[in-house]
Amino acid sequence: MRASTGTSWSCIGPADTDQGELAPLEKYLADARRGIPQGSAASPILAEMLLAPLLFQVPTGGEVVAYADNILVMTKTESVAVAMTESLGIALKKHPAGQLWPKINCFPPGGPIEFLGHRLTAHGDDLRIQPTAQNRDKFERKTKRGLARLKKSTLSPAARGRMLRELKSDLSSHAANFRLCDDMKKYREYWSARIASANHEGSTMPQSKQASTKRMVFWPHPDQAVIITAALDLAKKEVPTEFQTVALEAIAVSFMATGIAFKDWRQALRFARKYTQDPAALAHQALTLVEELCPELVIEATITVKGADHESETQTT
């Protein structure tokens, strides 16, 4: 192909057949201009343009899906699949561009199909799509190595930020490549949470071995241990984290911001009763609050302390 701009000419594509006497470097460059570079963005389009006429020569009886130089033949019977595959193989070997020798992979009838990194499995009338085990394992191994490094407290802020961006970018690319797969949204949320947890753990740990640490030991009563364990388990899920110290820190930060919070008023009253020294005063305060909340009601109550030498009564009307 020759292109003209004013009076200047440039040569694009393969060199002329008659190269004459060329220096070794010029001959190498002329040969290099034949075709397109490997990995070019135009490769899939050119491959489909070259293979498209062949797909129309394949006998009917099934479905043919093609992307670049990858072709998937799907049929309902094995005999039709064999016939279509053989016909396609013959057409490829007679292609004008030269003999093309395809690499053929056969899948068992009704069995899973692996195509372009995806694994397709039939479940009755439904089709389940997942990344192949090789692609998933490759992503998870790389991500786990990155998480292990991200948890190290010796990383500088710049290195930590760079690694965090790389992990997020890899996750985004993986999710985009397999966006049609089932449960990919949940899969991405799971790894996003693990990346955030690893970054939090690494950034909150002591930054040097010489940093002073204080060991805190608690000996709770059995009933207290149940409450503490339940609170730590809940905090681990919410942060999320695997470390109790990080969960305890989250609980402390939440308490400092909002104070003690309860799910309902019954829990609040039980907590107040557990730590009060004057139950009669607590009951009087509760009744007073009810009167304030419900001014349209007339409340009559007598509060008596059991077992006292003399009755202490408080009348609320």
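Look up a bit, the structure's there.
## Notes on the environment of F243
Along the chain, F243 falls in the loop between α7 (222-238) and α8 (244-258). Judged by relative accessible area, which is 40%, F243 ranks as partly exposed. With ten residues separating them along the chain, F243 and D233 place their C-alpha atoms 9.9 Å apart.

## Overview of the sheet that holds strand β5 (residues 113-115)
The strand order β5-β6-β7 describes an open sheet built from three strands, whose pairing is antiparallel. Either end of the sheet is taken by a strand with one partner, and the two such strands are β5 and β7 (126-131). In this sheet, adjacent strand axes meet at a mean angle of 25° when their direction is disregarded.

## A short note on helix α10 (residues 279-293)
The terminal C-alpha atoms of α10, which comprises 15 residues, lie 21 Å apart, in line with the 21 Å expected from a rise of 1.5 Å per residue. Listing the buried residues of α10 in full gives A280, L282 and L287. Down the axis, α10 shows its buried residues gathered within 160° of arc, on one side only. Every exposed residue of α10 that faces more than 90 degrees away from the buried side is listed here: Q285, E292 and L293.

## A word on the packing of aromatic side chains
The geometry of two aromatic rings is summed up by the distance between their centres and the angle between their planes. All told, the structure shown has four aromatic pairs when counted by the stated rule. Taking the centre distance of 6.4 Å and the plane angle of 65° together, the rings of Y187 and W191 count as edge-to-face. Here Y187 pairs with W191, and both are found in helix α6 (residues 184-204), just four residues apart, close to one helical turn. Of the two residues, Y187 and W191, neither departs from the other in class, the shared state being buried. Relative to W191, the ring of Y190 has its centre 5.3 Å away and its plane inclined at 80°; by these criteria the two rings are edge-to-face. Taking relative accessible area as the criterion, Y190 reaches 45% and is therefore assigned partly exposed. A connected cluster of aromatic rings, assembled from ring pairs, spans F139, Y187, Y190 and W191. Positioned above the aromatic ring of Y187 is the side chain of R136, whose terminal nitrogen or guanidinium carbon lies 4.2 Å from the ring centre.

## Quick notes on the nonpolar core
Formed by 18 residues in total, the largest nonpolar core has its most connected members in L147, L150, L167, M184, W191 and I195. Of all the secondary structure elements, the ones that give two or more residues to this core are α4 (133-150), α5 (157-177) and α6. Per-element accounting of this core gives the leading share, six residues, to α5. Other than its neighbours up to four places away in sequence, W191 contacts F139, E140, T143, K144, L147 and L171.

## Some remarks on the side chain of E140
Its place among the elements puts E140 in helix α4. The buried charged residue E140 lacks any salt bridge partner; its closest oppositely charged side chain belongs to R136, at an N-O distance of 4.4 Å. Leaving out residues up to four positions away in the same chain, E140 has contacts with Y187 and W191.

## Focus: the pattern of salt bridges
Where side chains of opposite charge bring their charged atoms close, a pairing between them can arise. Considering all chains together, one arrives at four salt bridges under this definition. Among the salt bridges present, the one from D182 reaches R128, with a minimum N-O distance of 3.8 Å. Pair noted here: D182 is in the loop between α5 and α6 and R128 is in strand β7, with a separation of 54 residues, a long-range link. Taking the relative accessible area as the measure of exposure, R128 reaches 33% and is therefore partly exposed. Ionic pairing is found between D170 and K142, a salt bridge with its closest N-O pair at 3.4 Å. Of this pair, D170 sits in helix α5 while K142 sits in helix α4, placing them 28 residues apart in sequence. What makes D170 partly exposed here is its relative accessible area of 26%. Via salt bridges that share partners, R128, D182 and D183 belong to a single interconnected network.

## Section: a nonpolar patch on the surface
Taken together, F255, M256, I260, F262, F271 and Y275 make up a surface patch of nonpolar side chains, about 650 Å² in accessible area. Structurally, I260 is set in the loop between α8 and α9 (265-274).

## Topic: the pairing of strand β3 (residues 62-67)
The sheet contact formed by β3 and strand β4 (residues 70-75) spans six bridges and is antiparallel. Bridging across to β4, E63 finds its partner in M74. Counted along the chain from β3 to the antiparallel partner β4, the turn is two residues long, and its residue A68 has a positive phi close to 55°.

## Quick notes on helix α3 (residues 78-93)
Helical periodicity: at 3.6 residues per turn, an α-helix aligns residues three or four positions apart in one direction. Helix length check: α3, at 16 residues, gives a terminal C-alpha distance of 23 Å against a target of 22 Å (1.5 Å per residue), a fit within 8%. Those residues of α3 not exposed but buried are M84, L88, G89, A91 and L92. The arc enclosing the buried residues of α3, seen along the axis, measures out at 160°, which places them on a common side. The outward face of α3, more than 90 degrees from its buried face, is lined by the exposed residues E78, S79 and E86. Against the buried residues of α3 lie α2 (43-55), β3 and β4.

Reading the values: rules and limits
- Residues numbered from 1 in each chain as written.
- Predicted model: local features only at pLDDT ≥ 70, side-chain atom pairs only at ≥ 80, totals over all residues.
- Heavy atoms only, no water.
- Helix = DSSP H or I, 4+ residues; strand = E, 2+ residues; numbered from the N terminus.
- Buried < 20%, exposed > 50% of the residue type's maximum accessible area, 1.4 Å probe, protein only.
- Pairing = 2+ DSSP bridges.
- Axes fitted to C-alpha atoms, helices over the stretch in contact; angles between N-to-C directions.
- Expected span 1.5 Å × (residues − 1).
- Arc of directions from axis to C-beta.
- Phe/Tyr/Trp six-rings, centres within 6.5 Å; stacked < 30°, edge-to-face > 60°.
- Lys NZ or Arg CZ within 6 Å of the ring centre and 35° of its normal.
- Core = buried A, V, L, I, M, F, W, Y, C linked by side-chain atoms within 4.5 Å.
- Contact = heavy atoms within 4.5 Å.
- Lys, Arg positive; Asp, Glu negative; His and termini not counted.
- Salt bridge = Lys/Arg side-chain N within 4 Å of Asp/Glu carboxyl O.
- Patch = residues over 30% accessible without salt bridge, like charges linked within 9 Å, V, L, I, M, F, W, Y side chains within 5 Å.
- Areas by Shrake-Rupley, 256 points an atom, 1.4 Å probe, with all protein chains shown as cover.

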